[in-house]
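Chains, contacts and geometry: an overview
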Amino acid sequence: MRFSAEWGSRGVLDTTLIHPTLVAEASADHAIDRGGVLRHPLRFQQLRLDVTTEDVPRFGERPAAAVG
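Residues numbered from 1 in each chain as written. Predicted model: local features only at pLDDT ≥ 70, side-chain atom pairs only at ≥ 80, totals over all residues. Heavy atoms only, no water.

**Some thoughts on the overall build of the protein chain**
Per the secondary structure count, the protein chain includes 0 helices and 2 strands. For the protein chain, buried positions account for 4% of its 68 residues. A separation of at least 24 residues holds for 41% of the contacts in the protein chain among residues at least 6 apart in sequence. (Helix = DSSP H or I, 4+ residues; strand = E, 2+ residues; numbered from the N terminus. Buried < 20%, exposed > 50% of the residue type's maximum accessible area, 1.4 Å probe, protein only. Contact = heavy atoms within 4.5 Å.)

So this is what it looks like as structure tokens:
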């Protein structure tokens, strides 16, 4: 996945993979330009202290079915 530095920019941001220790809720949309670059940034909403990193599916995986 490529992320542009700003609207209309051809510059691409570097990506650094990390091992998360906290879960944060973010808002985003699916706006992708013709070059396959995401057009809008993510927006931080809140930390989710009630959720662990093991509860969250990895990027590209489907969430587990709810039990109960």
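What follows continues from the structure just given.
**Considering a nonpolar patch on the surface**
On the surface, a nonpolar cluster with roughly 470 Å² of combined accessible area is contributed by Leu22, Phe44, Leu47 and Leu49. Tracing the chain through its elements places phenylalanine 44 in strand S2 (residues 43-47). When its relative accessible area of 57% is taken as the criterion, phenylalanine 44 is described as exposed. (Patch = residues over 30% accessible without salt bridge, like charges linked within 9 Å, V, L, I, M, F, W, Y side chains within 5 Å. Areas by Shrake-Rupley, 256 points an atom, 1.4 Å probe, with all protein chains shown as cover. Salt bridge = Lys/Arg side-chain N within 4 Å of Asp/Glu carboxyl O.)

**What about the pattern of salt bridges?**
Counted by the stated rule, this structure contains 2 salt bridges. In this structure, glutamate 25 and arginine 48 form a salt bridge, with 3.5 Å as the shortest nitrogen-oxygen distance. Remark: arginine 48 occurs in the segment after S2 and glutamate 25 occurs in strand S1 (residues 24-27); sequence separation between them is 23 residues. Since its relative accessible area comes to 31%, glutamate 25 is described here as partly exposed. Classification of arginine 48 as partly exposed rests on a relative accessible area of 27%. Put simply, arginine 48 and aspartate 50 hold a salt bridge, and the shortest N to O gap is 2.9 Å.

**Observations regarding the environment of alanine 28**
Structurally, alanine 28 can be placed in the loop between S1 and S2. Sequence separation between alanine 28 and leucine 42 is 14 residues, and the spatial gap between their C-alpha atoms is 5.0 Å.

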